Amino acid sequence: MELPEAAEMLSRTPDVLDALLAGLPPQWLHRDDGPGTWSAYDIVGHLLHGDGTNWLPRARMILDRGAEASFEPFDREAMLGEEHTNVSVLLARFRTARRASLGELSAMDIEPGDLERRGLHPDLGEVTLGQLLATWVAHDLTHLGQIGEVLARRYRDEVGPWRQYMPALDRIAKAE
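Just so it is clear, the model here is predicted, and its values are computed rather than measured.

Thresholds applied
- Residues numbered from 1 in each chain as written.
- Predicted model: local features only at pLDDT ≥ 70, side-chain atom pairs only at ≥ 80, totals over all residues.
- Heavy atoms only, no water.
- Phe/Tyr/Trp six-rings, centres within 6.5 Å; stacked < 30°, edge-to-face > 60°.
- Helix = DSSP H or I, 4+ residues; strand = E, 2+ residues; numbered from the N terminus.
- Lys NZ or Arg CZ within 6 Å of the ring centre and 35° of its normal.
- Buried < 20%, exposed > 50% of the residue type's maximum accessible area, 1.4 Å probe, protein only.
- Pairing = 2+ DSSP bridges.
- Axes fitted to C-alpha atoms, helices over the stretch in contact; angles between N-to-C directions.
- Parallel < 35°, antiparallel > 145°, perpendicular 65-115°, else oblique.
- Left-handed = near helix turned anticlockwise from the far one by under 90°.
- Contact = heavy atoms within 4.5 Å.
- Nonpolar A, V, L, I, M, F, W, Y, C, P; charged D, E, K, R; others polar.
- Core = buried A, V, L, I, M, F, W, Y, C linked by side-chain atoms within 4.5 Å.

1. Notes on the packing of aromatic side chains
- Summed over all chains, the structure comprises two aromatic pairs.
- Relative to tyrosine 155, the ring of tryptophan 28 lies with its centre 5.5 Å away and its plane at 75°, an arrangement referred to as edge-to-face. Note that tryptophan 28 is positioned in helix 2 (residues 26–29) and tyrosine 155 in the segment after helix 6 (129–152), a separation of 127 residues in sequence.
- A cation over an aromatic ring shows up here: arginine 154 above the ring of tyrosine 155, its NZ or CZ 5.9 Å from the ring centre.

2. Some points on the pairing of strand 1 (residues 118–121)
- The two faces of strand 1 differ: Gly119 and His121 on one face are buried, but Arg118 and Leu120 on the other face are not.
- Of the strand pairs in this sheet, strand 1 and strand 2 (residues 125–128) are connected by four bridges, and their pairing is antiparallel. Looking at the pairing, histidine 121 lines up with glycine 125 of strand 2.
- Where strand 1 folds back on strand 2, the antiparallel hairpin that results is connected by three residues.

3. Examining the packing of helix 5 (residues 87–107) against helix 6
- Between helix 5 and helix 6, the shortest axis-to-axis distance is 14 Å and the interhelical angle comes to 160°. When the interaxial angle is binned, helix 5 and helix 6 end up roughly antiparallel. Here helix 5 runs over helix 6; the crossing is left-handed. Residue-level contacts link Arg98, Ser101 and Leu105 of helix 5 to Leu133, Trp136 and Asp140 of helix 6.
- In the contact of helix 5 with helix 6, the residues fall into three nonpolar, one polar and two charged.

4. A look at the side chain of aspartate 140
- Relative to the helices and strands, aspartate 140 is located in helix 6.
- Residue contacts for aspartate 140: discarding those within four places in its chain leaves Leu10, Thr13, Leu47 and Arg98.

5. Concerning the nonpolar core
- In terms of nonpolar packing, the biggest core is built from 22 residues, with Leu105, Met108, Ile110, Leu129, Leu132, Leu133 and Trp136 touching the most fellow members.
- Listed by contribution, the elements that provide at least two residues to this core are helix 1 (3–21), helix 4 (55–65), helix 5 and helix 6.
- Sort the elements by how many residues they give to this core and helix 4 lands first, with six residues.
- Apart from the residues within four sequence positions on either side, isoleucine 110 is in contact with Leu3, Leu63, Leu105, Leu115, Leu129 and Leu133.

This is the structure:
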């Protein structure tokens, strides 16, 4: 796990989300695949919530306390209880949060040896700081893919016979 590379990848997510979602009409932003699935809007809210309550608090805990106490459980669906706002406002909040997260990550002055330091996940047991930070990057990328898929499924039936070449149109992921 290379920290500068990970930070660079994480810095790109707000731009990708803006390019894909800014200005889309509600029927695109809020379309989901039924109960237990998320819309593109929901996923952005989930990413925003994670920046504030998941990644950095856990990284700080590893650096400050190691594995002596378990991380706080992460509410993966907290964003579903939030009041809906215009997507441009949500995207701006995410951009601001991500910029702050990356600034704080940089200020932690993490050394290569720190990546092996351990914390305690409430479900997974001991994890390293390197694993946590790698997961943050993979989490972003996974959800960017999920957004692309939920948007693509809006045309699931309209693609006709090409559907056989697009497995994402029939792959419906449960929320996180």
